[in-house]
Structure formats: C-alpha cells, structure tokens
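Examination of the molecular architecture
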Amino acid sequence: METIAIRPLATADEARQCAQMMCTTDPWITIGRGFEECLGIVKIPGREVYVSEENGQVRGFVIVNMGGAFIGYIQILCVHDSVRGTGLGTRLIRFAEERIFREAPNVFICASSFNPRARALYERLGYQLVGELKDFVIAGESEILLRKTIGPLRPK
Ligand SMILES: CC(C)(COP(=O)(O)OP(=O)(O)OC[C@H]1O[C@@H](n2cnc3c(N)ncnc32)[C@H](O)[C@@H]1OP(=O)(O)O)[C@@H](O)C(=O)NCCC(=O)NCCS
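Overview of the structure. (Residues numbered from 1 in each chain as written. Predicted model: local features only at pLDDT ≥ 70, side-chain atom pairs only at ≥ 80, totals over all residues.)

**Description of the overall build of the protein chain**
Counted only if it meets this: Put simply, DSSP marks the helices as runs of H or I at least four residues long and the strands as runs of E at least two long, and each gets a number from the N terminus on. Neighbour counting defines burial: a residue surrounded by 20 or more other C-beta atoms within 10 Å of its own C-beta is buried, one with 12 or fewer is exposed, and intermediate counts give partly exposed, using backbone-placed C-beta atoms. The contact criterion used here is simple: two residues whose C-beta atoms, placed from the backbone, lie within 7 Å are in contact.
Within the protein chain, the secondary structure is distributed over 5 helices and 7 strands. Counting from the amino terminus, helix and strand elements in the protein chain follow one another as β-α-α-α-β-β-β-α-β-α-β-β. With the C-alpha coordinates of the protein chain rotated into their principal frame, the extents come out at 45 × 35 × 30 Å. With 156 residues in all, the protein chain has 29% of them scored as buried. Considering only contacts within the protein chain whose residues lie at least 6 apart along the sequence, 54% involve residues at least 24 apart.

Structure, rendered in structure tokens:
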C-alpha cells in the first residue's frame, strides 16, 4: 500500500479537521479543551503544522514549535482513531524529528500522566525522561517531559 505523504497544513478546512480530531479524543477531553481552543492551538502563528491527508480527510497531524525555551518541541501529535495502530503516529514523529534535527539537536515531547501508551511509544522511539511537571495542566495529573537528543547545543 502506498503511504500517504506528510506535508504542511494547507487550508482552513484542514485546520478545522485537526481541531475536531483533537477535541474529540483524550488527552484533550480530560484536559478540557474544546473545539475553539483546539483550533486556536492549530492556528498559533509561527507554529509548524504538518498533516497526513487522504481524499480530503486529515488522518493525523503534528505541531512543531521551533521557538521558546526548548527549541524543537513537538507540541501536539494526533492520529484519527480510525487509523491508530497503523504506524502513522510513528511516521509523524519521525517526520518532525527530521525537520527539527536539521536546525536543533533536541526533540522534546510531553505525555500526560494518564496517557501511558503515548509515553510508551515515545520511549520505544528513543525518548528519555527529563522530568515530571506535577499539576501542570490539570490538578492531580502531570505532564511527563521527554527528550531525544543528538548532541549538546554547543558542541566543542
Ligand atoms: C499517540 C498516537 C499519536 C499514536 O499514533 P498511532 O498511529 O496510533 O501510533 P503507531 O501506530 O505508530 O504506534 C502504536 C502505538 O501508539 C500508542 N497508541 C496507540 N493507540 C493509542 C491511544 N489511543 N492513545 C495513546 N497512545 C496510543 C501505543 O504505544 C501503540 O503501541 P501499542 O499498540 O504497542 O500499545 C495516537 O494513538 C493518538 O493520536 N492518540 C490520541 C492522542 C494522543 O494521545 N496524542 C499524544 C499526546 S501526548
């Protein structure tokens, strides 16, 4: 089977599809992010949004932040529940890694404490624990910060 290409988000309709996918699944249901808030995240200026789309349907997407304190942060990763477990999430992460490693030596990603399967996926792909941000997004839960690195910011 031909694999679907991953490319930059192109239309307002695709942005809405991404927001819809997010707000109807965990972790964002538990966190309490509705459609408008998710759409706002997808449309944050300067963030890079990459989608896997087929016949007008977004199957999955990844949002990369190349600014801020931790350059190379995978802010959002989401695959439509109809195609989960088929390798698309892994492809989106690898795509984001290739993009980030062209400019920076670290990739950062968070998994919610109530999302152990996502954390397991990241660890299988070589991400290591940085630390636990307790009560970071919602009370009683943590964000687990993970990092994959190819070297220091300033090599000798
Ligand atoms: C996490 C996610 C992006 C993985 O995408 P995917 O295409 O299913 O991933 P792959 O097929 O490449 O790999 C499968 C692995 O993903 C993880 N996974 C599968 N379904 C998942 C789900 N509903 N929630 C979280 N992780 C899941 C598991 O580690 C799985 O491995 P396993 O079957 O051995 O447990 C996708 O499941 C998803 O969008 N989940 C809901 C949103 C989410 O949790 N995003 C991550 C936020 S930190």
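Let us keep going from here.
**Digging into the site of the ligand**
What counts is decided by this rule: For each residue, a C-beta position is placed from the backbone atoms; the residue is near a molecule or strand when that point lies within 6 Å of it. Three classes are used: nonpolar for Ala, Val, Leu, Ile, Met, Phe, Trp, Tyr, Cys and Pro, charged for Asp, Glu, Lys and Arg, and polar for all others, with Gly counted as polar.
Not every one of the 18 residues close to the ligand is listed here, only the nearest: Arg84, Gly89, Thr90, Arg117 and Leu121. Listing elements by their share of the shell around the ligand, those giving two or more residues are strand S4 (73–79), helix H4 (88–101) and helix H5 (116–124). A per-element tally of the shell around the ligand places H5 first, with 4 residues. For the shell around the ligand, the per-class residue count stands at 9 nonpolar, 7 polar and 2 charged.

**Notes on the pairing of strand S5 (residues 106–112)**
Which entries qualify depends on this criterion: By convention, orient the strands away from the viewer: a clockwise path from the first strand over the helix to the second makes the crossover right-handed. Should DSSP find at least two bridges between two strands, the strands are taken to pair.
Where burial is concerned, most of S5 is hidden: 6 out of the 7 residues are buried. Where the polypeptide runs from S4 across H4 and back to S5, its parallel neighbour, the crossover connection is right-handed. Alignment of S5 against strand S7 (residues 142–149), held across 7 bridges, turns out to be antiparallel. Counted as the bridge partner of Asn106 is Thr149 from S7.

**Considerations on the sheet that holds strand S3 (residues 57–65)**
What counts here: Lines fitted to the C-alpha atoms define the axes, with helices restricted to the stretch that makes contact. Angles between their N-to-C directions range from 0 to 180 degrees.
Ordered by their spatial adjacency, 7 strands build an open sheet running S1-S2-S3-S4-S5-S7-S6, and the pairing between neighbours is mixed. This sheet does not close on itself; its edge strands, each paired only once, are strand S1 (6–8) and strand S6 (128–134). With strand direction ignored, the average angle separating the axes of adjacent strands in the sheet is 30°. Alignment of S1 against strand S2 (residues 48–54), held across 3 bridges, turns out to be antiparallel. Residue pairing for S2: Ile6 is matched across the bridge by Ser52. Contacts from H5 reach S5 and S7, with the element oriented near 155° to S5.

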